[in-house]
Amino acid sequence: MNNPTYKGSCFCGSVQFTVTGEPAAMGYCHCESCRHWSAGPVNAFTLWKPDSIKITQGAEEIGMYNKTPRSFRKWCKKCGGHIMTEHPLWGLTDLYAAAIPDFPYRPGVHVNYQEATLSIKDGLPKLRDLPKEMGGSGASLME
Ligand SMILES: [Zn+2]
Ligand SMILES: [Zn+2]
């Protein structure tokens, strides 16, 4: 098997990393935490097994904050650029799509759409909260 590897970095380039293989899921999160932390209306996520991600430069520049035990948010201490969020309870890490520009991002779902401040009519499923297998209701909303 020849797994594709993609390179990513923080905003200033001090922190460099690679990710290999295929993500477990891709989509958009509209939750209050993602919006507040990113200072944007929506977070484009790609979820990976943690061992798919390798920090290749600048590991000492990575800061981390967790408001809840569900999400450990990481950024570059030099530039403030956001890199990833670890979700230990799910065994998955969200590598922000914006931080891996060469990765062919193909969103498949919107999650936490009940919290949306920006409605997006793209024909993709809109989950009220999270999929059942991630502890949510699995319920869908209209666009
Ligand atoms: Zn940086
Ligand atoms: Zn979120």
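Residues numbered from 1 in each chain as written. Chains lettered and ligands numbered in written order. Predicted model: local features only at pLDDT ≥ 70, side-chain atom pairs only at ≥ 80, totals over all residues. Heavy atoms only, no water.

K.L.:
So what about the overall build of the protein chain? Which residues, and what values?
P.N.:
Helices and strands together make up the secondary structure of the protein chain, namely 1 helix and 10 strands. In the protein chain, the order of α-helices and β-strands from amino to carboxyl end is β-β-β-α-β-β-β-β-β-β-β. Overall, the C-alpha framework of the protein chain stretches about 45 × 35 × 25 Å when taken along its three principal axes. When the 143 residues of the protein chain are sorted by exposure, 43% land in the buried category. A separation of at least 24 residues holds for 48% of the contacts in the protein chain among residues at least 6 apart in sequence. (Helix = DSSP H or I, 4+ residues; strand = E, 2+ residues; numbered from the N terminus. Buried < 20%, exposed > 50% of the residue type's maximum accessible area, 1.4 Å probe, protein only. Contact = heavy atoms within 4.5 Å.)

K.L.:
Lay out the sheet that holds strand β7 (residues 71-76) in plain terms, naming residues and giving numbers.
P.N.:
Taken together, the 7 strands give an open sheet; going across it, the order is β6-β7-β8-β9-β4-β3-β10, and neighbouring strands pair in mixed fashion. Edge positions in the sheet fall to β6 (62-68) and β10 (109-111), since each has one partner strand and no second. Taken over all neighbouring pairs, the strand axes of this sheet differ in orientation by 30° on average, direction set aside. Taken together, the 4 bridges between strand β4 (residues 43-48) and strand β9 (residues 92-96) define a ladder with antiparallel strand orientation. Its bridge partner lying in β9, Trp 48 is registered against Thr 93. (Pairing = 2+ DSSP bridges. Axes fitted to C-alpha atoms, helices over the stretch in contact; angles between N-to-C directions.)

K.L.:
With reference to specific residues and values, describe the coordination of the zinc ion (ligand 2).
P.N.:
Protein-derived coordination of the zinc ion (ligand 2) comes from Cys 29 (SG), Cys 31 (SG) and Cys 34 (SG), at a distance range of 2.2 to 2.3 Å. In the primary sequence, the donor residues of the zinc ion (ligand 2) line up as C-x1-C-x2-C. The pair formed by Cys 29 and Cys 31 is uniform in burial state, with each residue classed as buried. (Donors = N, O, S within 2.8 Å, 3.2 Å for Na, K, Ca; no water.)

K.L.:
Describe the sheet that holds strand β2 (residues 16-20), naming the residues involved and giving the relevant values.
P.N.:
Strands sit in the order β1-β2-β5 across an open sheet of 3 strands; the sheet is antiparallel. Whereas interior strands pair on both sides, the edge strands pair on one side only; in this sheet they are β1 (5-9) and β5 (53-57). Direction aside, neighbouring strands of the sheet carry axes that sit 25° apart on average. Of the pairings in the sheet, the one linking β2 to β5 comprises 4 bridges and is antiparallel in character. Looking at β5, one finds that Gln 16 is bridged to Gln 57.

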